[in-house]
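Secondary and tertiary structure notes
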Amino acid sequence: QVQLVESGGGLVQAGGSLRLSCAASGRTFSDYAMAWFRQAPGKERELVAGINWNGNNTYYADSVKGRFTVSRINPKNTVYLQMNSLKPEDTAVYYCAAELIRLRVVHTTERQYEYWGQGTQVSVSS
């Protein structure tokens, strides 16, 4: 089992940047693919970005391509989401999630991720 704690959310103006962090504890971090999801008020939770166990494969939603970057440092048990050129429509609660899998694949559906953090609020003002 793994525990996940997100940090780095906040309020930023449109065009600004934030970096989210997700610290993992418990089982071996490199056994997991990691992902960032988000949920805006009144909307379903959606995948933003994912990264496989060793960082050599990533996935991005079309809405964030070229603006967001997912990365991980396995010895630090941490995954990051660098968010640049933020837009008001990026406003949401951002969740870190983990899937126990040590393959190149990055899955894109919620149900494949077994462990979730509590979320961190990101608010982008216009």
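First things first, this report covers the structure right here in the doc. (Residues numbered from 1 in each chain as written. Predicted model: local features only at pLDDT ≥ 70, side-chain atom pairs only at ≥ 80, totals over all residues. Heavy atoms only, no water.)

**Focus: the state of the cysteines**
Here the structure, examined in full by the defined rule, presents 1 disulfide. Note on cysteine connectivity: Cys-22 is disulfide-linked to Cys-96, with sulfurs 2.1 Å apart. On the sign convention where negative means left-handed, the S-S torsion of about -80° between Cys-22 and Cys-96 marks this disulfide as left-handed. With Cys-22 in strand β3 (residues 18-26) and Cys-96 in strand β9 (residues 92-100), the pair connects residues that are 74 residues apart, well separated along the chain. For the pair Cys-22 and Cys-96, one class covers both residues: buried. (Disulfide = S-S within 2.5 Å. Helix = DSSP H or I, 4+ residues; strand = E, 2+ residues; numbered from the N terminus. Buried < 20%, exposed > 50% of the residue type's maximum accessible area, 1.4 Å probe, protein only.)

**Side note on the packing of aromatic side chains**
The tally for this structure, following the rule as stated, stands at 3 aromatic pairs. Seen from their ring centres, Tyr-32 and Tyr-115 are 6.1 Å apart, and the 75° between their planes marks the pair as edge-to-face. Here Tyr-115 lies in strand β10 (residues 115-116) and Tyr-32 lies in strand β4 (residues 32-39), a separation of 83 residues in the sequence. Aromatic pair Phe-37 and Tyr-113: ring centres 5.5 Å apart, planes at 75°, arrangement edge-to-face. Highlighted residues: Phe-37 in strand β4 and Tyr-113 in the loop between β9 and β10, separated in sequence by 76 residues. Accessibility assignment for this pair places Phe-37 and Tyr-113 in one class, buried. An aromatic cluster of three or more residues is present, and its members are Phe-37, Tyr-113 and Trp-116. Positioned above the aromatic ring of Tyr-95, the side-chain terminus of Arg-45 is 4.8 Å from the ring centre. The ring of Trp-53 has Arg-102 sitting right over it, with the charged end atom 3.9 Å from the ring centre. (Phe/Tyr/Trp six-rings, centres within 6.5 Å; stacked < 30°, edge-to-face > 60°. Lys NZ or Arg CZ within 6 Å of the ring centre and 35° of its normal.)

**Notes on the side chain of Thr-78**
Along the chain, the position of Thr-78 falls in strand β8 (residues 78-83). Of note is the side chain of Thr-78, whose polar atom sits 2.7 Å from the backbone oxygen of Lys-76. (Polar contact = N/O pair within 3.5 Å; in protein donor to acceptor, adjacent residues only side chain to side chain.)

**Looking at the nonpolar core**
By size, the foremost hydrophobic cluster in this structure holds 30 residues, and its most contacted members are Met-34, Trp-36, Val-79, Leu-81, Met-83 and Tyr-94. Those elements giving two or more residues to this core turn out to be β1 (2-7), β3, β4, β5 (46-51), β7 (68-73), β8, β9 and β11 (120-125). Look past the residues within four positions of Tyr-94 in its chain and what remains in contact with it is Glu-6, Leu-20, Trp-36, Phe-37, Arg-38, Val-48, Phe-68, Leu-81, Met-83, Gly-119, Thr-120 and Val-122. Ranked by size, the runner-up nonpolar core spans 6 residues in total, among them Ala-35, Phe-37, Leu-47 and Val-106. (Core = buried A, V, L, I, M, F, W, Y, C linked by side-chain atoms within 4.5 Å. Contact = heavy atoms within 4.5 Å.)

Just geometry here; none of it tells us what the structure is for.
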